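Tertiary structure, described
Chain by chain, the residues:
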Amino acid sequence: MGKEDTSQIKFLWTLAMIQIVLLSLLFLLGRYDDGANPIKHSTKQGAAKLKSALDTYPLTTDVFVMLLVGFGYLMTFLKRYGLGAIGFTLIFTATLAELAIVVIGLSKIDEEFVIKIGLIDVVEGGVVAAAFLISFGALLGKVNPLQLLIMGVVETICVCLNFYLGYKVLGVNDVGGSIFIHLFGAYYGLAVSFILRRKRLAESGDKEGTRYTSDITSLLGTVMLWIFWPSFNGLLATEDGRLRCYINTYISLIGSTTTTFIVSGLLSNKKFSMEDIQNSTLAGGVIVGATADMVLQPYGACVAGSFIGIISTVGYRFLSSRIYEKLKVHDTCGVHNLHGLPGLLAGLISVPVVVLASEESYGLSLYKIFPRSAPIEGSHDLKRIQEELPDIEAGEGRAMAFQALVQLIGVAISLVFAIVAGLVTGLLISYEKIIEQVPDHQLFDDELFWNMPDHDDAGFVIKKGERRKSRSRSIIPRSVDGMAHLSPAVQFALKTDGQHNVGFSP
């Protein structure tokens, strides 16, 4: 029995055991919330939950389309890893969403020792799984299903803990998850990739490329994410805040798409790079995630989106190769440029936006966007506010300057937590005595884990059986010949390496 078969057996039995444990917990503790409970849905609280769930359902479908179709197809750009991109997205989204439902449920178990599960809990599970999909992008094609499963379980628990610390304890405002999903997922995946830096990726460099059809399917994922991203950002918002999420996100995406095409064309000899178009056009959705429900004004959202479109495109062109050159961190999908850096900037942008927030610009809805800033219980200001908006609850009387400081603390904690957790997870899944590794010469290849068709022509025959050469997106050059398409940083690294192949140190 080969190492790959052993790894698959371990994966299947581990997945089965996890499913049995989760099913047991759901059987013992899981029950419908009051909105779905046929006995309690007619009560005042149950009716409110029922209405909220029915209003949320369209957003729920949008979010799962983003996860399964958007993220899945976006990662199909590798010419030999399309099945893995979509198939692993499907199984790990389902498994980790189920795990997140249970973990989050255990954190708020009621006095009856019951986990009440409603539609919002299901979609929150999917949102947590999105962090893993981002991390998966950094490691696409380099790890096996068992490693992904271990990584996903650890990350899901860490994301839930980070949620609790950020949202519940600190009261950070991050309605679109730029800090707790995008930032965390990107740097967690990059930290794992750093631990796996000794892989000789050059041995599979010929497979780290695209072809015409894989670029098209990847662009389909981009379009799906572009369309549904406002639903992701607006899921946790309410009333006018949710409407601002829709407006701000779409305008920011418009800005990032426009500048991405401009910069991509300027940096690619007047032609567009598919890598830029598939990814950087979406950075606008991330940059406004932490502030999507706040008063940015349309011009503010457009400026943010236009700015991050430029930064992300330049990052794909120059920063990824420089990070690989200096740190040996290989980022297959470039998640640092789409999720990590935009998520970090989104958190930093939230600081001045929060400082400028006031009743003059928000009205009394200020205390719905920033509930911790509502006046304390029994105060005259609270009575004044509740006369107009009875559903406003007492807060901490938190000053906006202090809330801005909390935003900064939330960014720092999420970043450090992601890196530390990723490093520990990387050490765990790289321990070869327990977990088999993907052979260096079989990276980025579906054949290792999927039953493949007998013939895979894909319509690339030119003449006399010859096939068109696939365009490479690898930052790891395979030979000294044909370096013109590489960035100056990678060309320099290749020339000074003294070898024809640039790989990781053994």
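A brief look at the structure comes next.

1. Here we look at the packing of helix α8 (residues 239-267) against helix α11 (residues 297-327)
Packing of α8 against α11 brings their axes to within 7 Å, and their N-to-C directions diverge by 35 degrees. In this structure, the crossing between α8 and α11 has a hand that is right-handed. For the contact of α8 with α11, the per-class residue count stands at 11 nonpolar, 12 polar and 1 charged.

2. Quick look at the pattern of salt bridges
If you walk through the whole model with that rule in mind, you get 15 salt bridges. Through salt bridges that share partners, Arg80, Lys207, Asp445 and Glu447 make up one connected network.

3. Regarding a nonpolar patch on the surface
On the surface, a cluster of nonpolar side chains totalling about 500 Å² of accessible area is made up of Ile262, Leu266, Leu267, Ile310, Val314 and Phe318. At the level of secondary structure, the elements contributing two or more residues to the nonpolar patch comprise α8 and α11. Its location among the elements puts isoleucine 310 in helix α11.

4. Side note on the nonpolar core
By size, the foremost hydrophobic cluster in this structure holds 107 residues, and its most contacted members are Phe92, Phe132, Phe136, Leu140, Ile181 and Phe370. Once residues within four sequence positions are removed from consideration, isoleucine 181 is found in contact with Val127, Val128, Ala130, Ala131, Ile134, Val159, Phe163 and Phe232.

5. A few points about the packing of aromatic side chains
As enumerated under the stated definition, the model contains 14 aromatic pairs in all. Measuring from centroid to centroid gives 5.6 Å for phenylalanine 184 and phenylalanine 417, while their planes differ by 85 degrees, and the two rings are edge-to-face. Placement of the pair is phenylalanine 184 in helix α6 (residues 178-195) and phenylalanine 417 in helix α16 (residues 400-429), with a sequence separation of 233 residues. Site record: aromatic cluster; members linked through ring pairs are Phe11, Phe88, Phe92, Phe132, Phe136, Phe449 and Trp450. When the ring centre of phenylalanine 194 is taken as origin, the NZ or CZ atom of arginine 197, which lies over that ring, is 4.3 Å away.

6. Looking at unusual backbone geometry
If you check the backbone angles, glutamate 239 has positive phi at about 50 degrees while not being a glycine. Glutamate 239 sits in the exposed class, given a relative accessible area of 52%. Of note, phenylalanine 444 is a non-glycine position whose phi angle comes to about 60 degrees, a positive value. Looking at where phenylalanine 444 falls in the secondary structure, it is placed in the loop between α16 and β4 (471-472). Under the relative-accessibility criterion, phenylalanine 444 is labelled buried at 0%.

7. Observations regarding empty space enclosed by the protein
A full pass over the atoms with the stated rule returns 4 cavities of 30 Å³ or more. One number sums up the size of the largest cavity: a volume of about 100 Å³. Those elements that place two or more of their residues in the lining of the largest cavity are α2 (44-74), α4 (119-139) and α12 (335-355). Here the lining of the largest cavity is composed, by residue class, of 10 nonpolar, 4 polar and no charged. The volume enclosed by the second largest cavity comes to roughly 60 Å³. Around the second largest cavity, the lining comprises 10 residues; the ones closest to its centre are Glu4, Ser7, Asn144, Gln437 and Phe449.

8. Re the state of the cysteines
Put plainly, a disulfide is one covalent bond tying together the sulfur atoms of two cysteines. Across all of its chains, the model carries 0 disulfides by this definition. Free cysteine cysteine 160: the closest other cysteine sulfur is in cysteine 158, separated by 9.4 Å.

9. Overview of α6
Compared with an ideal rise of 1.5 Å per residue, which puts 18 residues at 26 Å, α6 spans 25 Å between its outermost C-alpha atoms and is within 8% of the ideal. Along α6, the helix axis deviates most sharply at phenylalanine 184, where the bend reaches about 30 degrees. Of all 18 residues in α6, 17 are buried, a share of seventy percent or more.

10. Comments concerning the side chain of asparagine 248
Inspection of the secondary structure puts asparagine 248 in helix α8. What makes asparagine 248 buried here is its relative accessible area of 4%. Among the polar contacts listed, one links the side chain of asparagine 248 to the backbone oxygen of methionine 294, at a separation of 3.3 Å. Setting aside its immediate chain neighbours within four residues, asparagine 248 contacts Val288, Thr291, Ala292, Met294, Leu296, Gln297 and Ala301.

11. Considering the environment of asparagine 337
Considering the arrangement of structural elements, one finds asparagine 337 in helix α12. Along the primary structure asparagine 337 and glycine 309 are separated by 28 residues, whereas in three dimensions their C-alpha atoms are 9.8 Å apart. The contacts of asparagine 337, once residues within four sequence positions are left out, are Ser312, Gly315, Tyr316, Leu319, Ser320 and Pro342.

12. Observations regarding the packing of α11 against α12
Between α11 and α12, the shortest axis-to-axis distance is 9 Å and the interhelical angle comes to 120 degrees. When the interaxial angle is binned, α11 and α12 end up oblique. The element α11 and its partner α12 pack so that their crossing is right-handed. Facing Phe307, Ile308, Ile311, Ser312, Gly315, Tyr316, Leu319, Ser320 and Ile323 of α11, the residues of α12 in contact are His336, Asn337, Leu338, Leu341, Pro342 and Leu345. Taken together, the residues that form the contact of α11 with α12 break down as 10 nonpolar, 5 polar and no charged.

What counts, and at which threshold
- Residues numbered from 1 in each chain as written.
- Predicted model: local features only at pLDDT ≥ 70, side-chain atom pairs only at ≥ 80, totals over all residues.
- Heavy atoms only, no water.
- Axes fitted to C-alpha atoms, helices over the stretch in contact; angles between N-to-C directions.
- Helix = DSSP H or I, 4+ residues; strand = E, 2+ residues; numbered from the N terminus.
- Left-handed = near helix turned anticlockwise from the far one by under 90°.
- Nonpolar A, V, L, I, M, F, W, Y, C, P; charged D, E, K, R; others polar.
- Salt bridge = Lys/Arg side-chain N within 4 Å of Asp/Glu carboxyl O.
- Patch = residues over 30% accessible without salt bridge, like charges linked within 9 Å, V, L, I, M, F, W, Y side chains within 5 Å.
- Areas by Shrake-Rupley, 256 points an atom, 1.4 Å probe, with all protein chains shown as cover.
- Core = buried A, V, L, I, M, F, W, Y, C linked by side-chain atoms within 4.5 Å.
- Buried < 20%, exposed > 50% of the residue type's maximum accessible area, 1.4 Å probe, protein only.
- Contact = heavy atoms within 4.5 Å.
- Phe/Tyr/Trp six-rings, centres within 6.5 Å; stacked < 30°, edge-to-face > 60°.
- Lys NZ or Arg CZ within 6 Å of the ring centre and 35° of its normal.
- 1 Å grid on protein atoms, 1.4 Å probe; cavity = no way out; pocket = protein on both sides within 12 Å on 5 of 7 lines; lining within 4 Å.
- Points joined across faces, edges and corners; volume = space filled by probe spheres on them.
- Disulfide = S-S within 2.5 Å.
- Expected span 1.5 Å × (residues − 1).
- Bend = angle between axes of the 7 residues up to and from the residue.
- Polar contact = N/O pair within 3.5 Å; in protein donor to acceptor, adjacent residues only side chain to side chain.
- Parallel < 35°, antiparallel > 145°, perpendicular 65-115°, else oblique.

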